[in-house]
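# Overview (structure and organization)
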Amino acid sequence: MRPRIRRTTWPRPALVLTDTPQPACPLCRGEGGHNHDYGDHNGEYAGTDWEPCTCWDETRRWVLLPLPHRRSGGYSDEPPF
């Protein structure tokens, strides 16, 4: 396991400790997986699937610190002074 700290916004803002792919992995070359394009029954492009590599576990994550929600920069009920 190669831990690193990341910021996430889903399902809520938080700092999480997560696993990272092995940089010298011969299967994914450190990218953590492969993209696979697929088509519908007519052969047209229909989307992309992500297949994670075996060198890491993307479900390994632990919340270290929940972060407060950011207020939008729009209008507020409070006066500016």
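Calculation notes
- Residues numbered from 1 in each chain as written.
- Predicted model: local features only at pLDDT ≥ 70, side-chain atom pairs only at ≥ 80, totals over all residues.
- Heavy atoms only, no water.
- Helix = DSSP H or I, 4+ residues; strand = E, 2+ residues; numbered from the N terminus.
- Buried < 20%, exposed > 50% of the residue type's maximum accessible area, 1.4 Å probe, protein only.
- Contact = heavy atoms within 4.5 Å.
- Areas by Shrake-Rupley, 256 points an atom, 1.4 Å probe, with all protein chains shown as cover.
- Pairing = 2+ DSSP bridges.
- Axes fitted to C-alpha atoms, helices over the stretch in contact; angles between N-to-C directions.
- Patch = residues over 30% accessible without salt bridge, like charges linked within 9 Å, V, L, I, M, F, W, Y side chains within 5 Å.
- Salt bridge = Lys/Arg side-chain N within 4 Å of Asp/Glu carboxyl O.

Turning our eyes to something else, we now look at the overall build of the chain. Of regular secondary structure, the chain possesses 0 helices and 5 strands. Listing every helix and strand of the chain by position from the N terminus yields β-β-β-β-β. The buried share of the chain, reckoned over its 81 residues, is 20%. Sequence separation of 24 or more characterises 40% of the internal contacts of the chain that already satisfy a separation of 6 or more. Carbon together with sulfur atoms contributes 52% to the accessible area of the chain, which is approximately 7,000 Å² in total.

To continue, consider the sheet that holds strand S2 (residues 14–19). An order of S1-S2-S5 is seen for the 3 strands of this open sheet, with the pairing classed as antiparallel. The open sheet terminates on both sides in strands that have one partner only, identified here as strand S1 (3–8) and strand S5 (61–66). If you compare each strand with its neighbour and ignore which way they point, the axes differ by 30 degrees on average.

A cluster of nonpolar residues, Ile5, Leu64 and Leu65, forms a patch on the protein surface that exposes about 290 Å² of accessible area. Position of leucine 64 among the secondary structure elements: in strand S5. Taking the relative accessible area as the measure of exposure, leucine 64 reaches 46% and is therefore partly exposed.

The next subject is unusual backbone geometry. A cis amide bond links tryptophan 10 with the next residue in sequence, proline 11, at an omega value of 5 degrees. Within the secondary structure, proline 11 is located in the loop between S1 and S2. Of note in this structure, arginine 29 is not a glycine but carries a positive phi near 55 degrees. Looking at the secondary structure, you find arginine 29 in the loop between S2 and strand S3 (33–39).

In short, geometric facts, not functional conclusions.
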